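The chain contents come next:
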Amino acid sequence: MIEEIFIVRHDGKILYGDTGKYFGSIGDVVSEDEGAQLLRVRMNDVVVGVLYKSMSGISALKYLERLRIRLERSIGMICEKNVLGNYFQLFRIISKPEKEVRDGRGKHFFAGISNYNGYLDVFERHNAIVDRDRIVMNKAEGSVYLKTVFGEERMIKIAIDKLDAQTIEYKSNEVIHNEVNGIKIEIKSSGIESEVFRYYAVRNMRPLVIVYEEEGGYVVKCSKPTKFDELVVFLPVPREALKVVHRHKAGSSVYDEVNNVVRWDLSGVVVMSEKIEYYAEGFGVREDMRSIRVHFMAKDWNDCMVKIESAECVEHPMNFWIRYAVVSGKYEMRVDMNKTKGKTDKACVGIEPTPTDYESVVLPLN
């Protein structure tokens with residue numbers, strides 16, 4: 001049976017796998033210790049090893065080949081960069097049981113691998129509504145998920161640091177101990193992915209991304225240079241428009257005639273302040289009452305409102321991997337949308353602020 005999978009850097013540093021089970025030299029093809037064999041195969045700039053018992057080396061080698069195909073389909077080339085950048089996906093692929101595998105001797109079933117890696121996923125969603133220069137709503141809601149893979153139930157202790165203890169509210173079904181600047185959670189885990197902590201926060205600051213009107217167009221601004229994996233701004237276009245002008249230096253844009261919006265894509269661009277020149281021409285063009293919508297997502301985010309300070313397994317040493325991600329929820333900017341060429345009056349959009357449980361605040365946008 002397969003006991004563990006290792007991915008090792010050329011200098012011997014283990015990128016994936018239980019360090020307590022690893023033995024032998026990285027230069028050895030096969031090592032043996034107490035009835036267990038460790039088979040190693042070099043793949044690009046890493047070495048992939050499989051620890052196995054009670055099976056032949058040929059079967060272990062065939063398993064490695066099937067694993068290589070599955071990994072390359074999911075994360076691309078097997079190398080140090082892709083391993084470190086896709087460890088959650090790597091974990092899911094390796095720990096997922098294989099289906100029945102047929103060979104000349106019949107059917108075989110390879111179960112998932114139990115190991116001592118723990119995975120904590122912090123996922124934060126931001127919601128914001130800005131009515132010209134007034135922030136009507138700016139709040140964040142997040143969850144912390146835990147995933148482990150071992151056969152028996154074990155106690156996990158997680159310490160979470162609240163960066164802004166005055167505004168964060170939280171709830172959890174697990175045992176919680178309140179500390180001065182954070183909390184500690186105790187949870188029994190046996191391999192099932194579970195949500196261990198949920199938090200809500202009102203942000204008394206400018207939203208992550210702001211869109212405001214400037215002469216001849218609109219400006220997208222962040223408080224500091226920021227690169228999102230996805231950042232798309234949707235600018236409404238009046239239905240009567242016969243010509244839509246949209247020019248900019250960064251990103252790409254396209255006029256979606258079906259949905260009557262200009263879709264400005266700034267994904268992968270480092271954004272501090274970027275402008276798009278935009279206006280619509282036509283006969284009898286009226287104001288578009290829709291808001292500007294913003295969608296963003298970052299897989300590796302360092303500014304979540306909580307941080308995992310520490311995580312440990314009481315019964316056995318474990319390696320914990322932590323990932324922070326952010327995504328937009330309801331994210332709208334209400335500005336003067338009349339951009340008809342030659343028109344001088346700038347009537348405000350006739351939308352009342354959405355009622356919320358939070359007080360609106362006035363903050364400078366530019």
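Details of the structure are given in the entry above.
Residues numbered from 1 in each chain as written. Predicted model: local features only at pLDDT ≥ 70, side-chain atom pairs only at ≥ 80, totals over all residues. Heavy atoms only, no water.

Trainee: Quick one: what's the story with the sheet that holds strand E21 (residues 270-281), residue by residue and with numbers?
Mentor: Ordered in space as E15-E16-E21-E18, the four strands form an open sheet in which the pairing is antiparallel. Both outer strands of the open sheet, strand E15 (209-214) and strand E18 (243-248), are each paired with one neighbouring strand and no more. Taken pair by pair, the neighbouring strands of this sheet meet at an average axis angle of 20 degrees, ignoring direction. Where E15 lies against strand E16 (residues 217-227), six bridges are found, and the strand directions are antiparallel. Within E16, the position partnered with Val211 by the bridge is Val220. (Pairing = 2+ DSSP bridges. Helix = DSSP H or I, 4+ residues; strand = E, 2+ residues; numbered from the N terminus. Axes fitted to C-alpha atoms, helices over the stretch in contact; angles between N-to-C directions.)

Trainee: So what about the nonpolar core? Which residues, and what values?
Mentor: Within the largest apolar cluster, 59 residues are counted, with the highest numbers of intra-cluster contacts made by Ile160, Phe197, Val209 and Phe296. Take this core: its biggest share by element is five residues, from strand E24 (residues 319-334). The contacts of Phe296, once residues within four sequence positions are left out, are His126, Leu208, Val209, Phe228, Glu230, Leu231, Val326, Val327, Ser328 and Tyr331. Core analysis: the second largest hydrophobic core is formed by 28 residues, Ile5, Met55, Leu67 and Tyr87 among them. (Core = buried A, V, L, I, M, F, W, Y, C linked by side-chain atoms within 4.5 Å. Buried < 20%, exposed > 50% of the residue type's maximum accessible area, 1.4 Å probe, protein only. Contact = heavy atoms within 4.5 Å.)

Trainee: Summarise the pattern of salt bridges; cite the residues concerned and give the values.
Mentor: For the structure shown, the criterion picks out 12 salt bridges. For Arg323, the salt bridge identified is with Asp121, shortest N-O distance 2.8 Å. With Arg323 in strand E24 and Asp121 in strand E8 (residues 117-131), the pair connects residues that are 202 residues apart, well separated along the chain. On the accessibility criterion, Asp121 (11% relative accessible area) is buried. Close ionic contact of Lys275 with Glu214 constitutes a salt bridge, the shortest N to O distance being 3.6 Å. Of this pair, Lys275 sits in strand E21 while Glu214 sits in strand E15, placing them 61 residues apart in sequence. Given the relative accessible area of 33%, Glu214 is considered partly exposed. What you see here is one network of salt bridges that share partners, running through Arg9, Asp11 and Glu80. (Salt bridge = Lys/Arg side-chain N within 4 Å of Asp/Glu carboxyl O.)

Trainee: Talk me through the packing of aromatic side chains; I want residue IDs and the actual numbers.
Mentor: Summed over the entire model, instances satisfying the criterion amount to seven aromatic pairs. On the basis of an interplanar angle of 10 degrees and a centroid distance of 6.3 Å, the ring pair of Tyr119 and Trp321 is categorised as stacked. Linking Tyr119 in strand E8 with Trp321 in strand E24, this pair joins segments that are 202 residues apart in sequence. For the pair shown, Tyr119 and Trp321 are each scored as buried. In this structure an aromatic cluster arises from ring pairing among Phe228, Phe296, Trp301 and Tyr331. Seen from the ring of Phe234, Arg293 lies directly overhead, with NZ or CZ sitting 4.4 Å from the centre. Here the guanidinium or amino end of Lys307 rests over the ring plane of Tyr324, the centre of that ring lying 4.6 Å away. (Phe/Tyr/Trp six-rings, centres within 6.5 Å; stacked < 30°, edge-to-face > 60°. Lys NZ or Arg CZ within 6 Å of the ring centre and 35° of its normal.)

Trainee: How would you explain the side chain of Glu274 if you had to name every residue and give the values?
Mentor: Here Glu274 lies in strand E21. For the buried Glu274, no salt bridge is present, and the opposite-charge side chain at shortest range is Lys249, 7.7 Å distant. (Lys, Arg positive; Asp, Glu negative; His and termini not counted.)

Trainee: Can you lay out the environment of Gly12 for me, pointing to particular residues and giving the numbers?
Mentor: Looking at where Gly12 falls in the secondary structure, it is placed in the loop between strand E1 (2-9) and strand E2 (14-16). You can call Gly12 partly exposed: its relative accessible area is 33%. Taking the C-alpha atoms as reference points, Gly12 and Gly27, separated by 15 residues in sequence, lie 9.4 Å from one another.

Trainee: Please give an account of the packing of helix H1 (residues 57-75) against helix H3 (residues 87-95) that cites residues and values.
Mentor: One way to put it is that H1 packs onto H3 with a least axis distance of 10 Å and a crossing angle of 145 degrees. Crossing handedness for the pair H1 and H3: right-handed. Here Tyr63, Leu67, Arg70, Leu71, Ser74 and Ile75 of H1 lie close against H3, whose contacting residues are Gln89, Leu90, Ile93 and Ile94. For the contact of H1 with H3, the per-class residue count stands at seven nonpolar, two polar and one charged. (Left-handed = near helix turned anticlockwise from the far one by under 90°. Nonpolar A, V, L, I, M, F, W, Y, C, P; charged D, E, K, R; others polar.)

Trainee: Give me the lowdown on the pairing of strand E20 (residues 261-265), citing residues and values where you can.
Mentor: If a strand is regular, its side chains alternate between the two faces of the sheet. With four of five residues buried, E20 lies mostly within the body of the structure. Examined bridge by bridge, strand E19 (residues 252-256) and E20 share five bridges and lie antiparallel to one another. Residue Asp256 lies in a different strand from E20, and its bridge partner there is Val261. Here E19 folds back onto E20 in antiparallel fashion, the turn holding four residues, of which Asn260 has a positive phi close to 55 degrees.

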